[in-house]
Amino acid sequence: MLRKSAITIALAVLTLPSALHAQAPYACVTKGATLEYANYNEADKLQGYTRRDIVEVSDLSGGNYDLRIENSRVKKPGKKKPGKNMQLTVHEIRQGCAQAFPMDSEGTVSVMEGKDVFLLPERLAVGYQLPVGDVRLDTGGVPSVATVTENEVIGREEVTTPAGTFRCYVLRQTMTSSLMGVTGMAMTTKSWYCRGVGVVKSETMMGNHLMHREELVTYKQKK
């Protein structure tokens with residue numbers, strides 16, 4: 001249970017930084033856009049796909065947005081079944097920085113305290129040190145604590161996936177989770193962020209062992 005919870009928390013950190021005036025954020029804020037991700041397990045075996053549909057975007061001016069996002073699991077890209085395993089999240093992107101609302105397979109992971117650790121600035125640069133510390137979470141009524149000890153922009157790379165080629169900043173975050181007083185092992189997640197798109201791929205490791213990875217396989221904007 002602890003291992004699963006630790007993986008869930010590590011994968012939940014899908015941050016949505018804010019825009020600055022007309023500059024696009026490191027997230028998709030295009031109404032009607034669809035992003036689909038392939039998900040791989042610790043044996044690097046394909047486990048299925050997740051789909052995120054940007055169903056509503058409220059431009060509040062000055063680089064501020066409210067988003068409504070539908071999340072669903074699909075067997076194949078482009079094969080969404082309306083209403084099946086559907087989750088609805090709301091993201092707020094504000095000037096300066098924004099907080100992600102992490103998700104797991106059963107519902108929303110609520111950030112109770114320490115949300116600043118899950119914030120990103122509007123501009124990134126290699127070597128930038130992001131916030132660290134404790135974050136208190138509520139996962140389906142079960143309290144837990146994630147302790148982030150490393151949170152840094154470590155590089156810039158051009159990444160090619162089935163969805164296309166993207167210029168990204170690479171973020172590395174190391175954390176441990178504590179559930180009911182029991183602390184799990186540290187896990188490190190590397191995430192590749194593209195401006196205007198968000199996460200293009202991510203890899204979560206426990207030591208030298210892969211725990212989970214995902215990559216963007218479909219990125220469509222409604223014409």
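Each remark here, short or long, concerns the structure printed above.
Residues numbered from 1 in each chain as written. Predicted model: local features only at pLDDT ≥ 70, side-chain atom pairs only at ≥ 80, totals over all residues. Heavy atoms only, no water.

J.: Looking at this model, I keep getting lost on the environment of Val217. Mind explaining?
T.: The topology assignment puts Val217 in strand β14 (residues 209-220). In the structure, Val217 is positioned 17 residues away from Val200 in sequence and 8.7 Å away in space, judged by C-alpha atoms. For Val217, the residues in contact, after removing those within four places along its chain, are Glu36, Tyr37, Ala38, Tyr49, Pro77, Pro162 and Ala163. (Helix = DSSP H or I, 4+ residues; strand = E, 2+ residues; numbered from the N terminus. Contact = heavy atoms within 4.5 Å.)

J.: Where do I start with the pairing of strand β9 (residues 142-161) in this structure?
T.: The side chains of a regular strand alternate, first on one face of the sheet and then on the other. The sheet contact formed by β9 and strand β10 (residues 164-179) spans 16 bridges and is antiparallel. Bridging across to β10, Arg156 finds its partner in Tyr169. Between β9 and the antiparallel strand that follows it, β10, lie 2 residues. (Pairing = 2+ DSSP bridges.)

J.: It is not clear to me how the pattern of salt bridges should be interpreted in this structure. Could you clarify?
T.: Working definition: two side chains of opposite charge can pair if their charged atoms are close together. Counted according to the given criterion, the structure contains 7 salt bridges. Note that Glu56 and Lys31 form a salt bridge whose closest N and O atoms lie 3.6 Å from each other. In this pair, Glu56 sits in strand β2 (residues 46-61) while Lys31 sits in the loop between α1 (2-12) and β1 (34-40), placing the two residues 25 residues apart along the sequence. The shortest N-O distance in the salt bridge between Glu36 and Arg51 comes to 3.6 Å. Separated by 15 residues along the polypeptide, Glu36 in strand β1 and Arg51 in strand β2 bring together distant segments of the chain. Of the two residues examined, Glu36 and Arg51, each falls in the buried class. (Salt bridge = Lys/Arg side-chain N within 4 Å of Asp/Glu carboxyl O. Buried < 20%, exposed > 50% of the residue type's maximum accessible area, 1.4 Å probe, protein only.)

J.: When you look at the pairing of strand β13 (residues 198-206) in this model, what are you seeing that I'm missing?
T.: As judged from the 7 bridges shared by strand β12 (residues 187-194) and β13, these two strands associate in the antiparallel manner. Note that in β13 the partner of Thr188 across the bridge is Met205. Once β12 ends, the chain turns through 3 residues before running back antiparallel as β13, passing Gly196 with a positive phi of about 85°. Summarising the sheet, β13 and β14 pair through 6 bridges and their orientation is antiparallel. Counted as the bridge partner of Met205 is Leu210 from β14. Here β13 hands over to β14 after 2 residues, with Gly207 in that stretch at a positive phi of 65°.

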